[in-house]
Amino acid sequence: PHSIQELFELSVARAPHAVAVTCGPESLTYVELDQRINQLAFRLRQHGVGPEVIVGVCLGRSTEMVVALLAVLKAGGAVLQLDLSYPAERLAFMLEDSQVGLVLTEAHLRDSLSHYSGAVLCLDEMESVSEAECASLPAVITRPEQLAWIFYTSGSTGRPKGVMTTQGAAVNFLRYLVEEYELSGSDVVLQMAALSFDASMRDILGPLIAGARVVQ
């Protein structure tokens with residue numbers, strides 16, 4: 001596999017009914033998570049998301065946030081996590097500096113984006129997508145050099161700087177992580193890192209490509 005989403009889909013094939021992610025009272029199995037990812041990826045493609053298109057994810061800890069991350073990648077785009085605890089000025093800077101093409105959020109969080117005039121898609125206001133529609137979605141060819149996500153530094157030494165990670169680098173790191181920590185389908189991993197840090201991707205994606213369970 002050359003992409004994060006391909007590694008995840010191997011986990012779906014191995015154990016479709018194992019629990020993939022839990023947040024509070026809600027849990028999704030691998031096949032349920034995959035179905036929701038496909039539905040959102042279909043909508044994202046309709047909104048023009050593809051290779052090198054950066055999508056802001058403005059969501060709190062939730063199963064829906066995990067769906068959003070992987071759906072952006074499956075649509076061919078790149079993820080920019082927007083931490084709701086950040087000051088409005090920092091969020092505005094990140095959105096402008098990264099030239100985000102679309103922001104995913106929920107209706108009750110739109111006020112956090114009052115400074116953003118670009119396209120916004122509220123996940124809780126989306127129309128449902130049929131399985132037939134999802135099946136009609138052409139596969140996206142993901143290349144190792146393709147952008148996967150951007151995280152911004154703290155800015156403690158000046159203006160925050162965007163750090164870009166490619167699909168190839170992410171795949172190599174995640175595979176190393178699974179091997180080094182001997183992650184397997186029997187493991188349960190707590191996502192501790194704040195969503196604004198790259199370690200959050202480690203905590204979420206590492207377990208998912210190993211078939212483990214992520215708890216938020």
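Preceding this section is the structure that the text describes.
One numbering rule holds for all chains: residues counted from 1, following each sequence as written. Local features are withheld for residues below a pLDDT of 70 in this predicted model, meaning they are given only at 70 or higher, and side-chain atom pairs are given and counted only at 80 or more; totals for whole chains, interfaces and linings count all residues. Where side-chain values are given, they derive from all heavy atoms of the structure, hydrogens and water being excluded.

Peer 1: What's the story with the nonpolar core in this structure? I'm lost.
Peer 2: Generally speaking, nonpolar side chains in soluble globular proteins are found buried as a group. Note on terminology: a nonpolar core comprises buried Ala, Val, Leu, Ile, Met, Phe, Trp, Tyr and Cys residues joined through side-chain atoms within 4.5 Å. Buried residues are those whose accessible area, probed at 1.4 Å on protein chains only, stays under 20% of the maximum for their type, while exposed residues exceed 50% and partly exposed ones sit between those limits. Ranked by size, the top nonpolar core spans 49 residues in total, and within it Ile4, Leu33, Leu44, Leu104 and Leu208 carry the most contacts. Top element by residues in this core is helix H3 (residues 63-74). It accounts for 9 residues. Once you skip the residues sitting within four places of it in the chain, Leu208 turns out to touch Phe8, Ser11, Ala20, Tyr30, Leu33, Val66, Leu70 and Val214. Grouped together as the second largest cluster of nonpolar side chains are 17 residues, Leu91, Val100, Leu113 and Tyr152 included. Helix and strand definitions here come from DSSP, where helices need a minimum of 4 consecutive H or I residues and strands a minimum of 2 consecutive E residues; each element is numbered from the N-terminal end. Here, residues are in contact when the closest pair of their heavy atoms is within 4.5 Å.

Peer 1: Looking at this model, I keep getting lost on the sheet that holds strand E10 (residues 213-215). Mind explaining?
Peer 2: Two strands in a sheet stick together by hydrogen bonds in their backbones, pointing the same way (parallel) or opposite ways (antiparallel). Note on pairing: two strands pair once DSSP finds at least 2 bridges between them. Judged by pairing direction, the sheet is mixed, and its 4 strands sit side by side in the order E2-E1-E10-E9 without closing on themselves. Taken across any chain shown, the strands that pair with only one partner, and hence form the sheet edges, are strand E2 (26-29) and strand E9 (188-190). When strand polarity is set aside, the average angle formed by the axes of neighbouring strands in this sheet is 15°. Pairing geometry for strand E1 (residues 19-23) and E10, over 2 bridges, is parallel. Along E10, the bridge assignment pairs Thr22 with Val215. Along the sheet, helix H2 (residues 30-46) contacts E1 and E2; its crossing angle with E2, the most-contacted strand, is approximately 90°. Where helix H7 (residues 199-210) meets the sheet, its contacts fall on E1, E9 and E10, and the angle it forms with E10 comes to roughly 155°. Helix axes use the C-alpha atoms of the stretch in contact, all axes being lines fitted to C-alpha atoms, and the angles between their N-to-C directions lie in the range 0 to 180 degrees.

Peer 1: Quick question: what am I supposed to make of the sheet that holds strand E7 (residues 147-152) here?
Peer 2: The strand order E6-E5-E3-E4-E7-E8 describes an open sheet built from 6 strands, whose pairing is mixed. Taken across any chain shown, the strands that pair with only one partner, and hence form the sheet edges, are strand E6 (120-122) and strand E8 (162-166). On average, adjacent strands in this sheet sit at an angle of 25° to one another, irrespective of strand direction. Note: E7 against E8, 5 bridges, orientation antiparallel.

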